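Residues per chain are reported as follows:
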Amino acid sequence: MRASTYPLVDADEAAALVLEHTPSLGSESRPLGECAGRVVAHDVVAPAALPAYPVSAVDGFAVRATDAGKTLRVLGESAAGRPYAGDVSSGTAARILTGGVLPDGADCVVMFEDVTADGDTVAVPTGLKPGSNFHAPGADVRQGELVIAAGSVLGPAEIGLAAALGLPELRVGRLPRVALMSTGDELVEVGRTPGRGQITDSNRWALLAALREAGAEVTVLGIAPDRQDELRALVTGALESADALVTSGGVSVGTHDLVKPLLESLGSVHVGRVKLKPGKPFTFATLGDGKLAFGLPGFPVSSLVTFEVFVRPALRKMQGFSQRHRPTLPVRLGFEARAVGDRTEYHRVTLHRDGRDLVAQTTGSQSSSRLMSLAGAHGLVRVPPGDQGLRAGSFVEALILSLP
Ligand code: AMP
Ligand code: MG
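Summarised in this report is the structure supplied together with it.

The rules behind the values
Residues numbered from 1 in each chain as written. Chains lettered and ligands numbered in written order. Predicted model: local features only at pLDDT ≥ 70, side-chain atom pairs only at ≥ 80, totals over all residues. Heavy atoms only, no water. Helix = DSSP H or I, 4+ residues; strand = E, 2+ residues; numbered from the N terminus. Contact = heavy atoms within 4.5 Å. Pairing = 2+ DSSP bridges. Axes fitted to C-alpha atoms, helices over the stretch in contact; angles between N-to-C directions. Near = heavy atom within 4 Å. Polar contact = N/O pair within 3.5 Å; in protein donor to acceptor, adjacent residues only side chain to side chain. Areas by Shrake-Rupley, 256 points an atom, 1.4 Å probe, with all protein chains shown as cover. Buried < 20%, exposed > 50% of the residue type's maximum accessible area, 1.4 Å probe, protein only. Arc of directions from axis to C-beta. Parallel < 35°, antiparallel > 145°, perpendicular 65-115°, else oblique. Left-handed = near helix turned anticlockwise from the far one by under 90°.

**Things to note about the environment of Pro125**
For step 1, the next point in the chain: Position of Pro125 relative to the elements: it lies in the loop between strand E10 (121-123) and strand E11 (134-135).
For step 2, the next point in the chain: Each C-alpha atom, one on Pro125 and one on Ala68, is 5.7 Å from the other, the two residues being 57 residues apart in sequence.
For step 3, the next point in the chain: Not counting residues within four places of it along the chain, the set of residues in contact with Pro125 comprises Ala68, Gly69, Val110, Asp114 and Val115.

Listed below in structure tokens is the structure:
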């Protein structure tokens, strides 16, 4: 063992350093079918009005409001997709169905329920109002109106709106291409029975899921042995096409921990150790051309918590998300959270409702090897460094992973 030469960086400072060095990846044009969950890169302005023409909201008769109380001659029908070609003049009406175009000359629609139809005549009630029962052109969207602001996340409604406006594709933030690698001679593929001293590579699957949730396109490099030359060959090969590298393991101070010296030889290490629990050995480097490398610790909880704190916000910045961090909510602590010296702790909690409060309960032992501390957790509570900790019953802002 040798002592680490990297200074211990404050957790918030490390998170700020990562974002500072994270570039935006720019945008690309994608068909609507690939836009869900992505960030639109420019303001979407309506090229046309919606609806484009006056369209009936009900089934009934298109008439002139000044003909209220009269019996009118029915000249034809306007159905959705089959407009009536003629005009509606005084003393006449056209049958109209929902979605049908309001014929020229008509200024309102009377509902079937409100008329007495007899052969080709219809008696309409008194008190008709011009403009009633149809959607005027531009009532939903005016031509030139800003409908989706740059930086918005595209959900079903936004995508439907783009389609309704005749836009088959949108410019969206490019997705980060990430190479994922596990390191360690003790690792075996999932499904193989580990021998004595071996463990299953679980980080690969946990981080693959986390990366995909964060929007990344992942290339899985598999398990790299604890040998400098093989590690170097894998990393340099992967970086030819990736925007970022995410590794797990090999960043603590044992003699087999080769990731930090490798990253140092390939670029600049900005963070080599963090005042964070779990995740003290977290390493962040830039490798030229705006490429990023995240050396996550090997312990399963440490790798996922450092992913949450450092990697996920960076991947979201790359894609143009304005909201890079998890939302927070005030929660009442249902337990006493002791501080851990000079490190910020991300304590894993479950949440439940108690009246109007959300109450946070610890998930139990916060050991960095114990994935059960994170499995089923709804949130993370930041316990500040020092000797105060957080008292049971106090309210704090928790990072929300999911709601109960
Ligand atoms: P290291 O940082 O390489 O010393 O790894 C610390 C510990 O994390 C190891 O002793 C393993 O128990 C665990 N570990 C490392 N890599 C993985 C992995 N890919 N999957 C599960 N556990 C791992
Ligand atoms: Mg290792």
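**Topic: the sheet that holds strand E9 (residues 116-118)**
For step 1, the next point in the chain: Read across the sheet, six strands follow the order E8-E5-E7-E6-E10-E9 without closing on themselves; strand pairing throughout is mixed. Bordering the open sheet on either side are strand E8 (108-111) and E9, each of which pairs with just one other strand. Taken over all neighbouring pairs, the strand axes of this sheet differ in orientation by 35° on average, direction set aside.

**Observations regarding the site of ligand 1**
For step 1, the next point in the chain: Not every one of the 16 residues close to ligand 1 is listed here, only the nearest: Asp201, Ser202, Gly250, Gly298 and Phe299.
For step 2, the next point in the chain: At a separation of 3.1 Å, an oxygen atom of ligand 1 approaches a polar side-chain atom of Ser252.
For step 3, the next point in the chain: One of the backbone N or O atoms of Phe299 is found 3.1 Å from an oxygen atom in ligand 1.
For step 4, the next point in the chain: Summarising the interface, the protein chains cover 80% of the accessible area of ligand 1, which totals 480 Å² for the free molecule.

**Regarding helix H1 (residues 11-20)**
For step 1, the next point in the chain: When we look at burial in H1, the residues that qualify are Ala11, Ala14, Ala15, Val18 and Leu19. Summarising the axial view, the buried residues of H1 lie within an arc of 135°, below the 170-degree limit, and thus occupy one face.
For step 2, the next point in the chain: Where H1 begins, the side chain of Asp10 points an oxygen toward the backbone nitrogen of Asp12, at a separation of 3.1 Å.

**What about the packing of helix H4 (residues 228-239) against helix H5 (residues 259-266)?**
For step 1, the next point in the chain: Relative to each other, H4 and H5 sit at 50°, their axes nearing to 11 Å. Here H4 is positioned oblique relative to H5, judged by the angle of their axes. Seen along the crossing, H4 lies across H5 with a hand that is right-handed. Counting all contacts with H4, which are made through Gln228, Leu231, Arg232, Val235 and Thr236, the residues of H5 involved are Val259, Pro261, Leu262, Ser265 and Leu266.

**Some remarks on the side chain of Arg38**
For step 1, the next point in the chain: Assignment of secondary structure puts Arg38 in the loop between strand E2 (27-31) and strand E3 (44-45).
For step 2, the next point in the chain: The exposure class of Arg38 is buried, given its relative accessible area of 8%.
For step 3, the next point in the chain: Those residues in contact with Arg38 that lie beyond four places of it in its chain are Glu28, Arg30, Ser152, Val153, Leu154, Val172, Gly173, Arg174 and Leu175.

**Structural notes on the pairing of strand E7 (residues 92-96)**
For step 1, the next point in the chain: The buried fraction of E7 amounts to four of the five residues, a majority that puts the element mostly inside the structure.
For step 2, the next point in the chain: Here three bridges tie strand E5 (residues 60-63) to E7, and the two strands are oriented antiparallel to one another. Residue pairing for E7: Phe61 is matched across the bridge by Arg95.
For step 3, the next point in the chain: The pairing of strand E6 (residues 71-78) with E7 spans five bridges and is parallel. Residue Arg73 lies in a different strand from E7, and its bridge partner there is Thr92.

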